[in-house]
Amino acid sequence: MVTKQEVLDEFDVQELDGSRNIDLPEEKLESGSKGELIKLAGQLRDRRNELNQMASERASKRDDLNAMTREKVDEAQKHREQRDEMNSQVQEHKNKRNELNAQANELFDEVDKMKSDLELDDGKDIDELKEEIEQLEFRQQTEVLSTEDERELIEKIENKREELRQKKDKVEESGDLEELIAEAEEVRSEASQHHQKVTELADDAQEHHNQMIEAYREADDIRDKADEMHELFVEAQEAADRHHEDFVRVQKRLRELDKKEERQRKDSRAEEREAAKAEAEEIYQKFKEGETLETEDLMKLQKAGLL
């Protein structure tokens, strides 16, 4: 089995450094200042983006490995189909070979029976007799023999020639024997050709079988790497998702603080308006009582809509 470190090294994948991850303590989320939370949100966003990029790169490598796995499986399947096709042809040629061998055996049985009927199996066959006669004649021509030895040699040659003549006569009288032998040998030769095809196709089928096994083995190895790369992808993606969730939580808290500040501003403005109104009414009362007002007091009255 392939290990995580082997995959990191082979595909030059950056290992996830957990020490660079950003934590979000609940206490800081609830009681941290707006400035602290804005800074933390930026850190979470940046780390999330880094992790998403890392996850994307790992996913891309995983997808490439899965594609390579499919290619190897397809390659293995092609070898399987070729192997099966060749094994089918092997069986066809075997059947034909066996059929022809059986036919040849029947023909040779007929040849043997015909020879037996013609007594051609007694003694040596025609080719052997021809060869012996040639050897004896060569000896007669090349060796210096006594009169008695030469007479014996000539007699032996004549006997061999007579035996040869008798066998030839029997063959000629047999009519179909030579044709039967030729037919039997032709059938046997055709059977041998089919046997040769059986051998060749069986060797090719075995080669495709070996390549199929190798392709499946390579597919398994690549699949193991793809599975490990997927685990690395999940590792980065889960870390990115956690940073995104924390980023969203901080953003939500910042919106809550913004709303709180807005409410406080509104309340403060309302209090200021009430205080200004009360002061303006007090100044207006003095004005009605005939007191002399300063410019600032007149402006307050005008702002309150009392002038």
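Residues numbered from 1 in each chain as written. Predicted model: local features only at pLDDT ≥ 70, side-chain atom pairs only at ≥ 80, totals over all residues. Heavy atoms only, no water.

Here's the deal with the overall build of the chain
When helices and strands are tallied, the chain shows seven helices and zero strands. Overall, the chain shows an N-to-C arrangement of helices and strands of α-α-α-α-α-α-α. A burial count over the chain gives 27% of its 307 residues as buried. Counting only contacts in the chain whose residues sit at least 6 apart along the sequence, the fraction spanning at least 24 positions is 83%. When the accessible area of the chain is evaluated, it comes to approximately 20900 Å², of which 44% is carbon and sulfur surface. (Helix = DSSP H or I, 4+ residues; strand = E, 2+ residues; numbered from the N terminus. Buried < 20%, exposed > 50% of the residue type's maximum accessible area, 1.4 Å probe, protein only. Contact = heavy atoms within 4.5 Å. Areas by Shrake-Rupley, 256 points an atom, 1.4 Å probe, with all protein chains shown as cover.)

A few points about the confidence of the model for the chain
In regions of low pLDDT, the predicted coordinates are not meant to be interpreted in detail. The predicted model of the chain averages 86 in pLDDT, with 85% of residues at 70 or higher. Per-element confidence in the chain is highest for helix H3 (residues 34–118), whose mean pLDDT is 93, and lowest for helix H7 (residues 295–304), whose mean pLDDT is 66. (pLDDT = per-residue confidence, 0-100.)

Digging into the pattern of salt bridges
Under the criterion given, the structure shown has 25 salt bridges. Glu 162 serves as the salt-bridge partner of Arg 165, at 2.1 Å between the closest nitrogen and oxygen. In this pair, Arg 165 and Glu 162 are both assigned in helix H5 (residues 147–174), three residues apart and thus about one turn of the helix distant. Given the relative accessible area of 41%, Arg 165 is considered partly exposed. In the salt-bridge network here, residues are joined through shared partners; they are Glu 26, Arg 242, Asp 246 and Arg 249. (Salt bridge = Lys/Arg side-chain N within 4 Å of Asp/Glu carboxyl O.)

Overview of unusual backbone geometry
Phi at Asp 12 is positive, roughly 50 degrees, even though this residue is not glycine. Mapped onto the elements, Asp 12 comes out in the loop between helix H1 (4–10) and helix H2 (26–31).

A short note on the packing of aromatic side chains
Taken as a whole and assessed by the stated rule, the structure comprises zero aromatic pairs. Here the basic side chain of Arg 48 rests over the ring of Phe 247, its NZ or CZ set 5.1 Å away from the ring centre. Its guanidinium or amino end placed over the ring of Phe 233, Arg 62 lies 4.8 Å from that ring's centre, counting from NZ or CZ. (Phe/Tyr/Trp six-rings, centres within 6.5 Å; stacked < 30°, edge-to-face > 60°. Lys NZ or Arg CZ within 6 Å of the ring centre and 35° of its normal.)

Observations regarding the nonpolar core
Grouped together as the largest cluster of nonpolar side chains are 11 residues: Ile 22, Leu 24, Leu 29, Leu 37, Leu 40, Ala 41, Leu 44, Phe 247, Val 250, Leu 254 and Leu 257. Going through the elements one at a time, H3 and helix H6 (177–288) are the ones with two or more residues in this core. Apart from the residues within four sequence positions on either side, Leu 40 is in contact with Ile 22, Asp 23, Leu 24, Lys 28 and Val 250. (Core = buried A, V, L, I, M, F, W, Y, C linked by side-chain atoms within 4.5 Å.)

Regarding the environment of Ile 154
Tracing the backbone through its elements, the reader meets Ile 154 in helix H5. Residues Ile 154 and Glu 137, spaced 17 residues apart in sequence, show a C-alpha to C-alpha distance of 8.5 Å.

Remarks on the side chain of Lys 160
Within the fold, Lys 160 resides in helix H5. Leaving out residues up to four positions away in the same chain, Lys 160 has contacts with Leu 129, Glu 132, Ile 133 and Leu 136.

Re a negative patch on the surface
A cluster of acidic residues, Glu 106, Asp 109, Glu 110, Asp 112, Glu 178, Glu 179, Glu 183, Glu 186 and Glu 190, forms a negative patch on the protein surface. Elements supplying a minimum of two residues to the negative patch: H3 and H6. Per element, the largest residue contribution to the negative patch is five residues, and it comes from H6. By relative accessible area, Glu 178 is classed as exposed at 54%. (Patch = residues over 30% accessible without salt bridge, like charges linked within 9 Å, V, L, I, M, F, W, Y side chains within 5 Å. Lys, Arg positive; Asp, Glu negative; His and termini not counted. Charge placed at Lys NZ, Arg CZ, Asp CG, Glu CD.)

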